[in-house]
Amino acid sequence: MSSSLRKVSLLIIAIIVLPVLIFSVFEIGNYRQNEKVIQDIYKNQLDAILFSINQYSDDIISNLASRFENNTSNISSDTGNVMQKFFNEMPSLISLVQFDNNQKRLSTVPYSFSHNSVINEMSAYLANNSKTIRQLQTFMANGYRKIEPVNNTVKNSQWIVFLTHQKGIEVINILVIDPEKFISQVLDPKIQEIAKGKFDIAAYRSGEDLPFYTAMKKTSSRKINDREPFWLFTNYMMGIELKDITIADLTKERVKRNLIINGLMDIILLSGAWIIFRNVKKQVELSQLKNDFVSNVSHEIRTPLALITMYIETLEMGRVKNEEKIKEYYTIILNETTRLSGIVNRILNFSQIEGNKRKYFLSATDLNEIVENAALTLRYSLETKGFTYIFEPGKNLPSILADREAITDAFVNLVDNAIKYSPMIKEISVRTYSNAEYIHLEVEDHGLGISEKDQKYIFDKFYRVTETNLANKVKGSGLGLAIVKHIMDSHEGKIYLKSTPGSGSMFRLSFPVKQINQL
Ligand code: ADP
């Protein structure tokens, strides 16, 4: 890895990869904590709802007490009639027993209740709980009527103690309520209003799992864990849950969703980092290839220039008298000039391709003719380097729709390469043939061959194989095959390469037949 690439990699790791990983680890750690915080928040909200139901029950009884107070002008026998009116309004009321400060019973509603053994229990309660009564009196003296539930043993009935002032006398009231009726008849409308179909609110007898009342009016299969006691009903609890989902599930779902979002963000950021790295790597490699290109091309240009200069100087000095030698020198100068202009042309071609400026003028073209004409230019190079050149033209070859100059360029590039990269067996075969879909031109040599790894890249601009000793020594620009590929792409053609290192290579250019029909 080059040092600039290493620097960029470290930078990407430092500013993207590490922060992403640290943030994710931190966030995942936080989720556990958040889960608990969110659960607590939800629980507090639900508890606040239960609180409001308790508050409401308390208000009902306080209100009732005030109405008792206001509607009974004196403690007399008609108290019973007034009270009975309230009892009719609220069927969950069982009885009201009133005592004075000396625990003397003043009245009992309904009257039938006076013979109940419960009355004796109440008297006993008052005798034993004078402290509680004193507390109620202190509150009353401060303008607040406290409603005190009594832990009584009688089933399905709850005693509630509160004080009233009736005609200047302080009265101790023990109200007996049927809790289950109170909850399912008096509280029910309020609970319905609060639940609004969003919550499941239920009431339980202490120690029982199944509710005797639910706001939803149907027994839920879920067990409600969040329970609070009723302030007024000592043997009863109420519970609340979200309707369709438990808080635990809700928070789990949130955490899951957050984890997925977090994971996706990580994937996006890390993929981004990877794409940046890949691009930078490509750019760094490209700039390395460009550097090599400049030095290769300079060398390629300098060699023919040096030869041309040398032969011209020799001729100019007039030292060579032999006519044949003079002719040979001129030929060398001409060939080197051709080579030079070939290199310059290739660079110009390439720069046109890069700037998308290269234009192709398509016409019906005979591939055999192209090969024959190009061979004339290549002949000198082939002969001087001792190559055997075999051309097997295809018979009845259909014309191709092509730019003659461009196809000649492509063919010359392939033969040039075959010459450059065949150090031992100097034999090049060229053949043309066609089938139903394509017209093919093959250039085959028995040279160095190309490894499978390099076959993937040799059509990339500036790419050169530098591994073998000879390939390293042979000078080139790394542009030839990139130009051939561009030409073939522009002709909707294909390039096929079959090569075995050490045995040689075969490049096949295939032109689609269908284009001819469009002529
Ligand atoms: P250049 O020949 O200027 O280096 P090219 O684009 O023409 O650039 O070729 C790219 C590379 O492909 C060459 O550097 C060479 O290693 C390899 N190559 C091309 N043609 C042949 C061939 N016929 N035999 C072996 N190697 C070849």
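Criteria and cut-off values
- Residues numbered from 1 in each chain as written.
- Predicted model: local features only at pLDDT ≥ 70, side-chain atom pairs only at ≥ 80, totals over all residues.
- Heavy atoms only, no water.
- Helix = DSSP H or I, 4+ residues; strand = E, 2+ residues; numbered from the N terminus.
- Rg over C-alpha atoms; globule rule 2.2 N^0.38 Å.
- Buried < 20%, exposed > 50% of the residue type's maximum accessible area, 1.4 Å probe, protein only.
- Contact = heavy atoms within 4.5 Å.
- Domains from an automatic or database assignment.
- Near = heavy atom within 4 Å.
- Polar contact = N/O pair within 3.5 Å; in protein donor to acceptor, adjacent residues only side chain to side chain.
- Areas by Shrake-Rupley, 256 points an atom, 1.4 Å probe, with all protein chains shown as cover.
- Nonpolar A, V, L, I, M, F, W, Y, C, P; charged D, E, K, R; others polar.
- Axes fitted to C-alpha atoms, helices over the stretch in contact; angles between N-to-C directions.
- Parallel < 35°, antiparallel > 145°, perpendicular 65-115°, else oblique.
- Left-handed = near helix turned anticlockwise from the far one by under 90°.
- Pairing = 2+ DSSP bridges.

Caption draft 1: View of the overall build of the chain. Helix and strand counts for the chain stand at 13 helices and 16 strands. For the chain, the C-alpha radius of gyration of 52 Å lies well beyond 24 Å, the compact-globule estimate for 519 residues. By its C-alpha atoms, the chain is 160 × 50 × 35 Å across when sized along the principal axes. Taking all 519 residues of the chain together, 43% fall into the buried category. Residue pairs in contact within the chain that sit at least 24 positions apart in sequence constitute 65% of those at least 6 positions apart.

Caption draft 2: Local environment of the domain arrangement of the chain. Annotation of the chain at the domain level lists domain 1 (91-177), domain 2 (181-244) and domain 3 (341-518). For domain 1 and domain 3, the distance between their C-alpha centres works out to 113 Å.

Caption draft 3: Summary view of the site of the ligand. If you check the shell around the ligand, you find 19 residues, and the closest are Tyr-421, Asp-445, Arg-464, Ser-477 and Leu-481. In the model, an oxygen atom of the ligand is placed 2.8 Å from a nitrogen or oxygen of the Leu-481 main chain. Calculation on the ligand without its partners gives an accessible area of 530 Å², and the protein chains cover 99% of this total. Elements supplying a minimum of two residues to the shell around the ligand: α9 (404-420), α12 (480-490) and β16 (504-512). It is α9 that contributes the most residues to the shell around the ligand, three residues altogether. Its residues placed into classes, the shell around the ligand shows nine nonpolar, seven polar and three charged.

Caption draft 4: Seen up close, the packing of helix α8 (residues 367-384) against α9. Taken N-terminus to C-terminus, the directions of α8 and α9 make an angle of 40 degrees; their axes are 10 Å apart at the nearest point. Comparing the axis directions of α8 and α9 gives the class oblique. As for the relative orientation of α8 and α9, their crossing is right-handed in sense. Contact with α8, carried on its side by Leu-367, Glu-369, Ile-370, Val-371, Ala-374, Leu-378, Ser-381 and Leu-382, involves Arg-404, Ile-407, Thr-408, Phe-411, Val-412, Val-415, Asp-416 and Ile-419 of α9 and no other residues of that element. Of the residues in the contact of α8 with α9, the class split is eleven nonpolar, two polar and three charged.

Caption draft 5: Layout of the sheet that holds strand β3 (residues 148-150). Read from one edge of the open sheet, five strands run β2-β1-β5-β4-β3, paired in antiparallel fashion. On the outer flanks of this sheet lie β2 (105-109) and β3, each paired with one strand and no other. In this sheet, neighbouring strand axes are inclined to one another by 25 degrees on average, regardless of whether the strands run parallel or antiparallel. Examined bridge by bridge, β3 and strand β4 (residues 158-166) share three bridges and lie antiparallel to one another. Looking at the pairing, Pro-149 lines up with Ile-160 of β4. Relative to β4, helix α1 (residues 3-71) is tilted by about 40 degrees, and along the sheet it contacts β1 (93-99), β4 and β5 (169-177).

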